[in-house]
Amino acid sequence: MDNKNTLLQINKYGMGEGDETLGLSLIQNYFKLIIQEEMLPQFITFYNGGVKLVTKASPVIDSLKIIESKGVKLISCKTCLNHFGLEDKLEVGFAGTMIDIIALQKAAKKVVTL
């Protein structure tokens, strides 16, 4: 399977709906497991509560740094970072606009939203 043109979207602080503690545990496990994969997504976008995952206090920041070091581009919604007061706490990737996210969605062969 070719993930070269896959976009992974993270739109919440965790994975799934319901219990936040469980959601954080699931996203931690997810990122630890995809690090071991040969085929990573080309891009990961973070918006809404998902931007909290790219900050220093994030429980997945170390995993995201490894993922980024493997060539995955991490893009966080600038408006969302500003909304949560996190614009100066971005640890990995870069802040982009909604136009950037839309362009990535259009260009991707496959979009996966967690």
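Residues numbered from 1 in each chain as written. Predicted model: local features only at pLDDT ≥ 70, side-chain atom pairs only at ≥ 80, totals over all residues. Heavy atoms only, no water.

### Digging into the packing of helix H1 (residues 20-35) against helix H2 (residues 61-69)
Here comes step 1: Where H1 contacts H2, the two axes come as close as 9 Å, and the packing angle between them is 30°. What the angle tells us is that H1 and H2 run roughly parallel. In this structure, the crossing between H1 and H2 has a hand that is left-handed. Taking contact as the criterion, the partners of Phe 31, Lys 32, Ile 34 and Ile 35 in H1 are, on H2, Ser 63, Leu 64, Ile 66 and Ile 67.
Here comes step 2: When grouped by side-chain class, the residues that make up the contact of H1 with H2 number six nonpolar, one polar and one charged. (Axes fitted to C-alpha atoms, helices over the stretch in contact; angles between N-to-C directions. Helix = DSSP H or I, 4+ residues; strand = E, 2+ residues; numbered from the N terminus. Parallel < 35°, antiparallel > 145°, perpendicular 65-115°, else oblique. Left-handed = near helix turned anticlockwise from the far one by under 90°. Contact = heavy atoms within 4.5 Å. Nonpolar A, V, L, I, M, F, W, Y, C, P; charged D, E, K, R; others polar.)

### Focus: the sheet that holds strand E3 (residues 73-77)
Here comes step 1: One open sheet accounts for five strands, arranged E4-E3-E2-E1-E5; its pairing is parallel. Looking along the sheet, the strands with just one partner apiece sit at the ends: strand E4 (94-96) and strand E5 (110-113). Neighbouring strand axes in the sheet, compared pairwise and without regard to direction, differ in orientation by 30° on average.
Here comes step 2: Bridge analysis of strand E2 (residues 43-46) against E3 gives four bridges, and the strand direction is parallel. Counted as the bridge partner of Thr 45 is Ile 75 from E3.
Here comes step 3: The sheet strands contacting helix H4 (residues 98-107) are strand E1 (6-10), E2, E3, E4 and E5, and the helix crosses E1 at an angle near 135°. (Pairing = 2+ DSSP bridges.)

### Quick word on the side chain of Ser 63
Here comes step 1: By the secondary structure assignment, Ser 63 is in helix H2.
Here comes step 2: Here Ser 63 is in contact with Phe 31, Lys 32 and Ile 35, once residues within four sequence places are set aside.

### Concerning the side chain of Ser 58
Here comes step 1: Note on placement: Ser 58 falls in the loop between E2 and H2.
Here comes step 2: Its relative accessible area of 6% is what places Ser 58 among the buried residues.
Here comes step 3: A polar atom in the side chain of Ser 58 sits 3.0 Å from the backbone nitrogen of Val 60.
Here comes step 4: Among all residues touching Ser 58, those that are not within four sequence positions of it are Lys 52 and Leu 53. (Buried < 20%, exposed > 50% of the residue type's maximum accessible area, 1.4 Å probe, protein only. Polar contact = N/O pair within 3.5 Å; in protein donor to acceptor, adjacent residues only side chain to side chain.)

### Concerning the nonpolar core
Here comes step 1: Among the nonpolar cores identified, the biggest contains 26 residues, and Ile 10, Phe 31, Ile 44, Phe 46, Leu 64 and Ile 67 are the most heavily contacted of them.
Here comes step 2: Every element with two or more residues in this core is listed here: E1, H1, E2, H2, E3 and helix H3 (78-83).
Here comes step 3: If you tally residues by element for this core, the top one is H1, at five residues.
Here comes step 4: Leu 7, Phe 43, Ile 75 and Leu 104 belong to the second-largest nonpolar core, a separate cluster that totals five residues. (Core = buried A, V, L, I, M, F, W, Y, C linked by side-chain atoms within 4.5 Å.)

### Things to note about the environment of Val 51
Here comes step 1: You can see Val 51 is positioned in the loop between E2 and H2.
Here comes step 2: Using a relative accessible area of 0% as the deciding quantity, one classes Val 51 as buried.
Here comes step 3: For the pair Val 51 and Gly 23, spaced 28 residues apart in sequence, the C-alpha to C-alpha distance is 15 Å.
Here comes step 4: Sequence-distant contacts of Val 51, defined by excluding residues within four places in its chain, comprise Phe 46, Ser 76, Cys 77, Cys 80, Leu 81, Phe 84 and Leu 86.

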